[in-house]
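Chain by chain, the residues run as shown.
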Amino acid sequence: MLFVLFAVGINLSAQKTPKAIFIIADGIPADVIERINPPALAAISKQGGYARAYVGGEKDGYSQTPTISAVGYNSLLTGTWVNKHNIWDNDIAAPNYNYWNIYRFFKTQYPQKTTAVFSTWLDNRTKLVGSDSVKAGNLQPDFYFDGMELDTIRYPHDTAGYFYHLIDEAVADTTAANIKRIAPDLTWVYLEYTDEMGHRHGNSKQMDDAVIKLDKQIGKIWQAIQYREKSFNEEWQIWITTDHGREDNGYHHGGQSQRERTTWIVTNAKGLNERFKKQQPAIVDIMPSIASFLKVSIPKVKLMEIDGVSLIGKLSATNAKASIKNSSLEIKWSVINKEGKAKIWMATTNKFKMGGRDSYKLVAEIPVAAGKAIVDTTQTPSGFYKMAIEMPYNILNGWILVKQ
C-alpha cells in the first residue's frame, strides 16, 4: 500500500503543466532565415526542429489565400484558409467567427486557465482573437500589451520606421517579464519591424539587421521560458513562424509566387511527425499542434472544418485532394499510417459557414492504406460538395466546386 502511494506521488509530481506560446515574425522569407541562421532560432530548433512551410492555401484552388499579414495570422489562429475564415486583407472587414480560433477553443474547455497577447498591432487582439466582437464571444485575453502603433507620444513615427523596432522591443520585454512572473497557459507574440524593413528596403542589409534584432528579442523570450522550466513544474512548447514570404526583390507580398508562399517554422516541440519532418507543413498546422499539446478536445463537427493537421503525434494521412468527372468523385490522400479504415463523409451544403450544421452522409468506408476512394454522385448531383475523411488519427477535409 505504501509503495503504491509513493509511486502515485512520483507520477503526479512528474506531470508538468503544459504552456504554449506562438510568435509571428512578420514577413521573413525562408531563404533569409536559412542564410542568416539566427542563433536564438537555431538553439530552439535544436530542441525540436526547423522546417520550410507554406502559406497561401491551394494555389489556383478553392482555398488560395492572399499572402497578406492579417490573412496569415488568422490562418494560424483558426487552422483554416481564407475561404473559411474570410479575412482577405489587413482591413479585417468581415471575419467569419464560426471558425473558432485557438483562444476560443482553449478558454471554452479551460475557463480557469490564462491567455495573453503581446502585439505591435491592436487589431490582433480586438478583431482576430475577438475581444471587441460579440460574434467572437468578446474573448478578452487575461493579459495583453498592444496598440503601441497608435501611441505617437512614446513612439514618435520617424521616417525611417525605427519606431517599429522600439515597439517590438517593448513587446518582447513585456512578454519575457510576464512569462517569468505569471506564465500564461497560451500566449501569442507578434513582432512587426522585419516586415517594415522589407517594404522599405527590399532584400538589403537593413532587412538582415532587422532579422538579427528580432532574433535577440526571441532570445529574451526563450530565456524566460527556460527559467520557468527550470524553476517550476512546467513544460513549454514554442512555435515561431512568419505570416508570408516576399517577392523576389524583397519589397512586397500578397501574390502567389513561390517566394511569397514559402515560409518557415521553428519549434522546440517533441514528437514531431512526418508532416513536419518529411513533407512541407502549412501555417494552418500550427493551431491543431498547439491544441494537441494543451489537450484541447475540439468537437468533431468543428474538427471536420479545420484545414490543418497536428505536427506532433500520430497521423493517418495528409494532403487530401478531390476531383470530379462524369459524376464520379475521386478522393486521394497521402498515407502515413496504414492502420484502420477511412470513413468518407459528404455534404452538399455549407451551413457551417452561417453558424448552422451540415448533414453529412457516410458514402464510403475503405482501408486508409488504399490512399483513395471513388464516390458515385449520380444520386446526389450538386454544384458543391464538402467532404471529410475520418481516420484513426486525424481528419482531412476538402471542397469540390463543380464547373458548370
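Here, every reference points to the structure presented above.
Definitions and limits used
Residues numbered from 1 in each chain as written. Predicted model: local features only at pLDDT ≥ 70, side-chain atom pairs only at ≥ 80, totals over all residues. Heavy atoms only, no water. Helix = DSSP H or I, 4+ residues; strand = E, 2+ residues; numbered from the N terminus. Buried < 20%, exposed > 50% of the residue type's maximum accessible area, 1.4 Å probe, protein only. Salt bridge = Lys/Arg side-chain N within 4 Å of Asp/Glu carboxyl O. Contact = heavy atoms within 4.5 Å. Pairing = 2+ DSSP bridges. Axes fitted to C-alpha atoms, helices over the stretch in contact; angles between N-to-C directions. Phe/Tyr/Trp six-rings, centres within 6.5 Å; stacked < 30°, edge-to-face > 60°.

> What exactly am I supposed to notice about unusual backbone geometry here?
Excluding glycine, a negative phi dihedral is what most residues carry, and trans is how most peptide bonds are arranged. With phi around 50°, asparagine 37 is a residue other than glycine that occupies positive phi space. Following the sequence through the fold, asparagine 37 ends up in the loop between α2 (30-36) and α3 (39-47). Its identity as a non-glycine residue notwithstanding, aspartate 60 has a phi of 65°, on the positive side. Turning to its location among the elements, aspartate 60 is positioned in the loop between β2 (49-54) and α4 (69-78). A relative accessible area of 70% means that aspartate 60 is categorised as exposed.

> Whenever I open this one, the pattern of salt bridges confuses me. Can you help?
Where charged atoms from two side chains of opposite charge approach closely, those side chains can pair. Taken as a whole and assessed by the stated rule, the structure comprises 22 salt bridges. One salt bridge connects lysine 270 with glutamate 235, and the closest N-O pair in it is separated by 4.0 Å. On the criterion of sequence distance, the pair formed by lysine 270 in the loop between β7 (262-267) and α12 (274-277) and glutamate 235 in strand β6 (residues 234-241) is long-range, its members being 35 residues apart. In this structure lysine 270 comes out as exposed when scored by relative accessible area, which is 59%. As a salt-bridge pair, aspartate 285 and arginine 275 come within 2.9 Å of each other at their nearest N and O atoms. Taken together, the residues span a long stretch of sequence, with aspartate 285 in the loop between α12 and α13 (286-293) and arginine 275 in helix α12 at a distance of 10 residues. According to the relative accessible area criterion, aspartate 285 is buried, its value standing at 1%. Among the residues examined, arginine 275 registers a relative accessible area of 5% and is labelled buried. Among the ionic contacts, a cluster of salt bridges with common partners joins Lys84, Glu305, Asp307, Asp358 and Lys386.

> When you look at the environment of leucine 311 in this model, what are you seeing that I'm missing?
Mapped onto the secondary structure, leucine 311 falls in the loop between α14 (300-303) and β8 (317-325). With 40 residues separating them in the primary sequence, leucine 311 and glycine 271 have C-alpha atoms 8.3 Å apart. In this structure, leucine 311 is in contact with Trp239, Ile265, Gly271, Leu272, Asn273, Arg275, Phe276, Pro281, Asp285 and Ser289, ignoring residues within four places of it in sequence.

> Honestly, the sheet that holds strand β9 (residues 328-335) in this entry has me stumped. Any pointers?
Strands in a sheet are paired, the pairing made by backbone hydrogen bonds, and the direction either parallel or antiparallel. Strand order in the open sheet made by the 3 strands is β8-β9-β12, with antiparallel pairing throughout. Either end of the sheet is taken by a strand with one partner, and the two such strands are β8 and β12 (372-376). For this sheet, the mean angle separating the axes of adjacent strands, direction not counted, is 15°. With 7 bridges connecting them, β8 and β9 associate as antiparallel partners. Bridge pairing in β9 links alanine 322 to isoleucine 331.

> Mind showing me how you'd approach the packing of aromatic side chains here?
The description of two aromatic rings rests on the distance between their centres and on the angle between their planes. For the coordinates displayed, the defined rule picks out 14 aromatic pairs. Ring centres of phenylalanine 22 and tryptophan 188 lie 5.7 Å apart, and the angle between their planes is 20°; on these two criteria the pair is classed as stacked. In this pair, phenylalanine 22 sits in strand β1 (residues 17-25) while tryptophan 188 sits in strand β5 (residues 186-191), placing the two residues 166 residues apart along the sequence. Across the pair, exposure class does not vary: phenylalanine 22 and tryptophan 188 are buried alike. Plain terms: the ring middles of phenylalanine 384 and tryptophan 399 are 5.4 Å apart, the flat faces sit at 75° to each other, and that makes the pair edge-to-face. A residue pair is termed long-range when its members are at least 10 positions apart, and phenylalanine 384 in strand β13 (residues 384-390) and tryptophan 399 in strand β14 (residues 395-401) qualify at 15 residues.

Note that every value here comes from positions in space, so none of it alone points to a role or purpose.
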